[in-house]
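# Examining the three-dimensional arrangement
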Amino acid sequence: KGFLVVVYGIKLLKFNTLVEERLFAGRRAGTLDSSFNSPYLGLSAETWLSSSLGFNGAVKLSKLANGGYLNDSEVNFLLKNNSKTSKKTEWFGTLGYKYFDFKGRADGDSIGMKYSGPTFGIWAKF
């Protein structure tokens, strides 16, 4: 039991960055504020290996007009709580990995952000 769907949407990104340089004469600092609206297209999938163990993942990609790009990808193992405490709500534990890479330009500023690593969480369907 599972699904594979095409996803599309817009990711709204706002960057507030403090740049600091320490010199012998003291400290110099400045800020950089930029906002990006990035439309994306991707795939999302989910499958269940048993009634309580599943897997899902998503890849969202975007190529921006100014030469920038967005890659937002993740995979998760799902552990479902099968207790019958509530028939309307399903609780899940997740353990996964996320990769996010964004590069863009706005108002003469160049922004790049990249992070990746393990993730975990608790979420519910109701």
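It should be noted that the structure appears before, not after, this text.
Keep in mind that this is a model prediction, so the values were computed, not measured.

### Looking at the pairing of strand E2 (residues 26–48)
Relative to E2, strand E1 (residues 2–23) is paired through 22 bridges, and the arrangement is antiparallel. Directly across from Lys-14, in E2, lies its bridge partner Ser-35. The antiparallel hairpin formed by E1 and E2 contains 2 residues in its connecting segment. Two elements, E2 and strand E3 (residues 53–63), share 8 bridges in a ladder whose sense is antiparallel. Residue pairing across strands places Glu-46 opposite Asn-56, the latter belonging to E3. Taking the residues that link successive antiparallel strands as the turn, the E2-E3 hairpin has 4 residues.

### Let's talk about the packing of aromatic side chains
Counted according to the given criterion, the structure contains 4 aromatic pairs. Each residue in the set Trp-48, Phe-92 and Trp-123 is aromatic and connected to the rest through ring pairs, giving one cluster. Looking at Lys-60, its charged tip hangs above the ring of Tyr-40, at a distance of 5.5 Å from the centre.

### Here's the deal with the side chain of Ser-44
Inspection of the secondary structure assignment puts Ser-44 in strand E2. Judged by its relative accessible area of 18%, Ser-44 is buried. Contacts of Ser-44, omitting those with residues within four sequence positions, involve Phe-3, Leu-4, Val-5, Val-7, Gly-57 and Ala-58.

### Examining the pattern of salt bridges
Should the charged atoms of two oppositely charged side chains come close, the side chains can pair. Within the structure shown, the criterion is met by 5 salt bridges. Two residues, Glu-20 and Arg-27, come together in a salt bridge whose shortest N-O distance is 2.6 Å. What makes Arg-27 exposed here is its relative accessible area of 55%. Lys-80 is paired through a salt bridge with Glu-90; the nearest N and O atoms lie 2.7 Å apart. With a gap of 10 residues between them, Lys-80 in strand E4 (residues 69–80) and Glu-90 in strand E5 (residues 90–106) connect regions that are remote in the sequence. For Lys-80, a relative accessible area of 22% corresponds to the partly exposed category. Shared partners join several salt bridges into a network, and the residues in it are Lys-11, Asp-72 and Lys-98.

### Some remarks on the environment of Phe-77
Among the secondary structure elements, Phe-77 is positioned in strand E4. Sequence spacing of Phe-77 and Gly-117 is 40 residues, and the spatial spacing of their C-alpha atoms is 14 Å. The residues contacting Phe-77, other than those within four sequence positions of it, are Gly-54, Phe-55, Gly-93, Thr-94 and Leu-95.

### Things to note about a nonpolar patch on the surface
On the surface, Phe-55, Val-75, Phe-77, Leu-95, Tyr-97 and Phe-120 cluster together into a nonpolar patch covering about 670 Å² of accessible area. Listed by contribution, the elements that provide at least two residues to the nonpolar patch are E4 and E5.

Procedures and definitions
- Residues numbered from 1 in each chain as written.
- Predicted model: local features only at pLDDT ≥ 70, side-chain atom pairs only at ≥ 80, totals over all residues.
- Heavy atoms only, no water.
- Pairing = 2+ DSSP bridges.
- Helix = DSSP H or I, 4+ residues; strand = E, 2+ residues; numbered from the N terminus.
- Phe/Tyr/Trp six-rings, centres within 6.5 Å; stacked < 30°, edge-to-face > 60°.
- Lys NZ or Arg CZ within 6 Å of the ring centre and 35° of its normal.
- Buried < 20%, exposed > 50% of the residue type's maximum accessible area, 1.4 Å probe, protein only.
- Contact = heavy atoms within 4.5 Å.
- Salt bridge = Lys/Arg side-chain N within 4 Å of Asp/Glu carboxyl O.
- Patch = residues over 30% accessible without salt bridge, like charges linked within 9 Å, V, L, I, M, F, W, Y side chains within 5 Å.
- Areas by Shrake-Rupley, 256 points an atom, 1.4 Å probe, with all protein chains shown as cover.

By themselves, these observations are geometric and do not establish any function.
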